[in-house]
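# Coordinate inspection notes
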Amino acid sequence: MEVRKGIEVSGIVQGVGFRPYVYRLASELNLAGTIANTAAGVTIEVQGANDAVASFVTRLPQELPPLARVTAVAVRDLPSNGDRAFRILPSRVGDEHRALISPDVALCADCLRELFDPADRRYRYPFINCTNCGPRFTIVREIPYDRARTSMASFRMCPACQREYDDPADRRFHAQPNACWECGPRVELWDGHGICIEAADPTRAAAESLKAGAVVAVKGLGGFHLAADATNPATVDCLRERKRRVGKPFAIMARDLACAEQFCYFDDIGRALLLSPERPIVLLPKRQPNSVAESVAPGIRELGVFLPYTPLHHLLFADGDFPALVMTSGNLSEEPIAIDNREAIARLAGLADFFLVHNRDILLRCDDSVVRASGGRVRQLRRSRGYVPVPVFLGEELPPVLAVGGELKNTICLTKGRHAFLSQHIGDLENLESYRFFEEAVHHLKSILLIEPKLLAYDAHPDYFSTRWALAQSGVERVDVQHHHAHVASCMAENHLEGKVIGFALDGTGYGTDGHVWGGEVLVAAYRDFERAAHFSYVPMPGGAAAIHEPWRMAVSYLSRHFGESLWDLRIPFVERLDRTRAEVLLRMTKRGVNSPLTSSCGRLFDAVAALVGIRERVTYEAQAAIELEMAIGNSRDDTGYPLALVPDGEGWLIDTRPMFEALVDDLRRGLSAGVISQSFHNGLVEGFARLAALLRERTELIRVCLSGGTFQNVYLLEHLRARLEAERFEVFTHSEVPAGDGGLSLGQALVAAHRMR
Ligand SMILES: [Zn+2]
Ligand SMILES: [Zn+2]
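Quick look at the structure, then. (Residues numbered from 1 in each chain as written. Chains lettered and ligands numbered in written order. Predicted model: local features only at pLDDT ≥ 70, side-chain atom pairs only at ≥ 80, totals over all residues. Heavy atoms only, no water.)

## Regarding the coordination of the zinc ion (ligand 2)
- Bound to the zinc ion (ligand 2) on the protein side are C158 (SG), C161 (SG), C180 (SG) and C183 (SG), at distances that span 2.2 to 2.4 Å.
- In this structure, the zinc ion (ligand 2) is surrounded by four donor atoms whose angles at the metal cover 103 to 115°, and the resulting shape is tetrahedral.
- Motif for the zinc ion (ligand 2), donor spacing along one chain: C-x2-C-x18-C-x2-C.
- Owing to a relative accessible area of 11%, C158 belongs among the buried residues under this scheme.
- We classify C161 as buried; its relative accessible area is 0%. (Donors = N, O, S within 2.8 Å, 3.2 Å for Na, K, Ca; no water. Tetrahedral: all angles 85-135°; square planar, octahedral: opposite > 155°, others 65-115°. Buried < 20%, exposed > 50% of the residue type's maximum accessible area, 1.4 Å probe, protein only.)

Okay, here's the thing in structure tokens:
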């Protein structure tokens, strides 16, 4: 018997090869009907034998093209008609405006095969792509997403490419960046001054320079990388010097999975992340010894590794015989990544010896994403290329809100319906370049999503650039959101929680409602508001921001708080090393309250401990001391923990670190190693936080706990606290889709603002 069914599919189903996929499936099952793009996704009608139609409905969501994401499928019965064939209908004007744009995607296996097939017409073509792979987000000027609105507009397809583009059965049907040697973009190799070097094969010439130890700026998907042979210590040192990047680890791109395995350990999740179409940088435990230069990631037991994701990367590795390249953002430290050829020459002059450029413009900068797996889940550290602009799906409908994030690791977030669109990583809003990038990102996200926000959410810190930007906008309602409340709300949002939770928000810095620097906060929070239920006792930060760069200042501050004048009699190496005159100047400053803001920061507590145990007295990048303190922990399962005192304070508690420091100083006197002390410190925090959660459960009857804030990028703390709380029958919620750190802040801000305005 003939039946006909209508099927509405929503999600990311446009620009990802969905229509050809449905066309093939319908043809295979001998079904007639139609498919068309709609505002919400696609609408399909299929007609044919009963069991064939049933099989179509079952298989449709099971065999999706790799980039499609289906959020809903609705099936209804229709009267059958005279259809005898399956047709792809043209889209109605305006319908595609609301469809979701796909992120940039790593080269697919089919295109990779063609790239190295001498018989293929795209043999060694650096811009090969299809509907399953290639650039998207970074080449879109505006929507609807078609070639005329991308940076491919200036390339007219040759007849062969056009045929593929028009053929619904072809893998390149409506692949907007479709191109070939005949008609598409070209690569050139330039010298350090931007003069084009005559080379029969610029890619091969670049690979040879890399092999010879040169630094080559390579134009990628979302910006330029500075590339250098990762196994050549002299080259890596030279890159560090030129980039003025002292200790911060570089990521490396390994030639393939087998090479990655020589440098690092990974399990199935790690392998899946390395091979995923998003191709993030994956932080993995280093294998020792390995052939990567020590200076790639000094003092760190992890390596950031990713695999080639553009055809150009694959060609470079095929032509050079290096197992890995350092691939770091093409910028000076902390500036946005360079995207334009001439901009790259101007900004990277002196950093790169050569420039491997091309004439397909990058319209939007987008750094590499950084992830790690822990506790069986993916943890985003920097959510950017490959993930953006895939929305975070929400548990509720939100009005259009623009949330502008914090100051460091800034991202912005636009909401609409059940979607929260986070921007790519914008970075630290501390220089003019980043301000511009921030404004670009706001403008671009609004225009590709066609969202005009009704509400603007921003951090309560009066001096953040994002705050000042928000306050300067007119014609829109504004809501300021406390930093740690936003952290907890972002964890609630990605886990679709409603009502109240216990929220641990641990990080370095956030503006508190009392004007002090918060950062070790336990909240009882809902989206709408929060109560500060507990926090670390305040200590002065001698010198303000200087205390962030110089952890030894926090160590002095903590010792003085807990030991007073007798700190000078402590027989521990830290005090013996200390420049007493300088330290006394600091202490006088704190006593008079000169440039010594009070803080409850968890990050500063980590800094103090790292300095005390001799790991690091000065840092060269954010959170370095805390990261190295965590890395010092060995494989021991010792669960000794330094005690924390929980002192009742009104309705809540103060977390007093005095007993912790007394025990720690004892261990220093006994000469215990930094690793052992670090572990006891971490265990002490886990124990203290678990007790605090239990006290709060007694008071509030809440059993759901959210863990958020940059400190939870510390795997030891995250996983031990999670396990401990779960053992005590709490329901524990952590971050997976957005970073626990400030990169996830904008999501929480949006939720808080929307709920406040209800
Ligand atoms: Zn492909
Ligand atoms: Zn062509």
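## Regarding the packing of aromatic side chains
- Following the criterion strictly, the structure yields 14 aromatic pairs and no others.
- Seen in terms of ring centroids, Y435 and F465 are 3.9 Å apart; in terms of plane orientation they differ by 5°. Their pairing is stacked. Residue Y435 is found in helix α11 (residues 432–449), and its partner F465 is found in helix α12 (residues 465–472); the two are separated by 30 residues along the sequence.
- Between the aromatic rings of F438 and F465, the centroid separation amounts to 5.3 Å while the plane-to-plane angle is 80°, which identifies the pairing as edge-to-face. Remark: F465 occurs in helix α12 and F438 occurs in helix α11; sequence separation between them is 27 residues.
- Classification of F438 by relative accessible area gives buried; the value is 0%.
- Within the aromatic cluster, the residues linked to one another by ring pairs are Y435, F438, F465 and W469.
- Across from the ring centre of F730, 3.9 Å away, lies the NZ or CZ of R697, which sits over that ring. (Phe/Tyr/Trp six-rings, centres within 6.5 Å; stacked < 30°, edge-to-face > 60°. Helix = DSSP H or I, 4+ residues; strand = E, 2+ residues; numbered from the N terminus. Lys NZ or Arg CZ within 6 Å of the ring centre and 35° of its normal.)

## Quick notes on the coordination of the zinc ion (ligand 1)
- On the protein side, the zinc ion (ligand 1) has C108 (SG), C111 (SG), C130 (SG) and C133 (SG) as donor atoms, found 2.3 Å from it.
- Viewed at the metal, the four donor atoms of the zinc ion (ligand 1) are separated by angles of 104 to 118°, and the geometry they form is tetrahedral.
- Sequence spacing of the donors to the zinc ion (ligand 1): C-x2-C-x18-C-x2-C. Pair noted here: C111 is in helix α3 (residues 109–115) and C133 is in the loop between α3 and α4 (159–166), with a separation of 22 residues, a long-range link.
- Of the residues examined, C133 reaches a relative accessible area of 0% and is grouped as buried.

## Side note on empty space enclosed by the protein
- Counted according to the given criterion, the structure contains six cavities of 30 Å³ or more.
- The space that makes up the largest cavity amounts to roughly 130 Å³.
- If you trace the largest cavity, you find 18 residues lining it, with P126, L221, T310, P311 and R360 closest to the centre.
- Considered class by class, the residues forming the lining of the largest cavity number 11 nonpolar, five polar and two charged.
- There is about 100 Å³ of room inside the second largest cavity.
- Lining the second largest cavity are 15 residues, and of these R379, F712, Q713, L718 and A740 sit closest to its centre. (1 Å grid on protein atoms, 1.4 Å probe; cavity = no way out; pocket = protein on both sides within 12 Å on 5 of 7 lines; lining within 4 Å. Points joined across faces, edges and corners; volume = space filled by probe spheres on them. Nonpolar A, V, L, I, M, F, W, Y, C, P; charged D, E, K, R; others polar.)

## So, unusual backbone geometry
- Geometrically, the link from Q288 to P289 is a cis peptide bond, its omega value of -10° lying close to zero.
- Considering the arrangement of structural elements, one finds P289 in the loop between β10 (281–285) and β11 (302–306).
- In this structure, the amide linkage connecting V388 to the following residue, P389, adopts the cis form with an omega of 10°.
- The backbone of R244 shows a phi angle near 55°, a positive value even though the residue is not glycine.
- Counting through the fold element by element, R244 comes out in the loop between α6 (233–243) and β9 (251–254).
- Of note in this structure, K409 is not a glycine but carries a positive phi near 50°.

## Here's the deal with the pattern of salt bridges
- Under the counting rule described, the total for this entry stands at 45 salt bridges.
- Between R172 and E114 there is a salt bridge whose closest N-O contact spans 2.7 Å. Taken together, the residues R172 in the loop between α4 and β6 (187–191) and E114 in helix α3 connect sequence positions 58 residues apart. In terms of burial, R172 and E114 fall into one category: buried.
- Salt-bridge contacts for E440 lead to R365; the nearest nitrogen and oxygen are separated by 3.8 Å. Placement of the pair is E440 in helix α11 and R365 in the loop between β13 (354–358) and β14 (370–374), with a sequence separation of 75 residues.
- Here E440 falls in the partly exposed class, since its relative accessible area comes to 31%.
- Looking at R365, the relative accessible area reads 9%, which means it is buried.
- Here the residues in one salt-bridge network are D110, R113, E114, R171 and R172, joined through shared partners. (Salt bridge = Lys/Arg side-chain N within 4 Å of Asp/Glu carboxyl O.)

## Thoughts on helix α23 (residues 745–756)
- Here α23 is 12 residues long and its end C-alpha atoms lie 17 Å apart, about the 16 Å a rise of 1.5 Å per residue gives.
- By the criterion of burial, α23 is predominantly enclosed, with 11 of the 12 residues buried.
- Of the positions making up α23, those classed as buried are L745, S746, L747, G748, Q749, A750, L751, V752, A753, A754 and H755.
- Close packing links the buried residues of α23 with β16 (392–398), β17 (401–403), β18 (413–422), β19 (455–459), β20 (477–481) and α13 (483–494). (Expected span 1.5 Å × (residues − 1). Contact = heavy atoms within 4.5 Å.)

## What about the nonpolar core?
- Formed by 73 residues in total, the largest nonpolar core has its most connected members in F574 and L685.
- Element by element, the count of residues in this core is highest for helix α21 (residues 674–700), at nine residues.
- Counting 56 residues, the second-largest nonpolar core is a separate cluster that includes V13, F86, Y145 and L445. (Core = buried A, V, L, I, M, F, W, Y, C linked by side-chain atoms within 4.5 Å.)

## Description of the environment of E397
- Assignment of secondary structure puts E397 in strand β16.
- For E397, a relative accessible area of 53% translates into the label exposed.
- The spacing of E397 and A754 is 357 residues in sequence and 9.8 Å in space, taken between C-alpha atoms.
- If we skip the residues at most four places from it in the chain, E397 touches G417, R418 and R758.

## Quick look at the state of the cysteines
- In the structure shown here, the tally under the stated rule is zero disulfides.
- With no disulfide of its own, C366 lies closest to C413 among cysteine sulfurs, the gap being 16 Å.
- Since its relative accessible area comes to 2%, C366 is described here as buried. (Disulfide = S-S within 2.5 Å.)

## A few points about the environment of W469
- Looking at where W469 falls in the secondary structure, it is placed in helix α12.
- For the pair formed by W469 and V404, sequence separation is 65 residues and the distance between their alpha carbons is 8.7 Å.
- Each residue touching W469, except ones within four places of it in the same chain, is listed here: L402, V404, F438, E439, V442 and L456.

## Comments concerning the pairing of strand β7 (residues 216–219)
- Judged by which residues are buried, β7 turns out to be covered on both faces: V216 and V218 on one side and A217 and K219 on the other are all buried.
- The pairing of β7 with β13 spans three bridges and is parallel. Across the sheet, residue V218 finds its bridge partner in β13, namely L356.
- Of the strand pairs in this sheet, β7 and strand β8 (residues 224–229) are connected by four bridges, and their pairing is antiparallel. The residue of β8 that forms the bridge with K219 is F224.
- The loop that links β7 with its antiparallel partner β8 comprises four residues; one of these, G223, has a positive phi angle of about 155°. (Pairing = 2+ DSSP bridges.)

## Concerning the environment of L273
- One can find L273 in helix α8 (residues 268–275).
- Once the C-alpha coordinates of L273 and R385 are considered, the two residues, 112 residues apart in sequence, prove to be 14 Å apart.
- Once residues lying within four places of it in the same chain are set aside, the contact partners of L273 are P280, V282, V371, A373, V378 and Y387.

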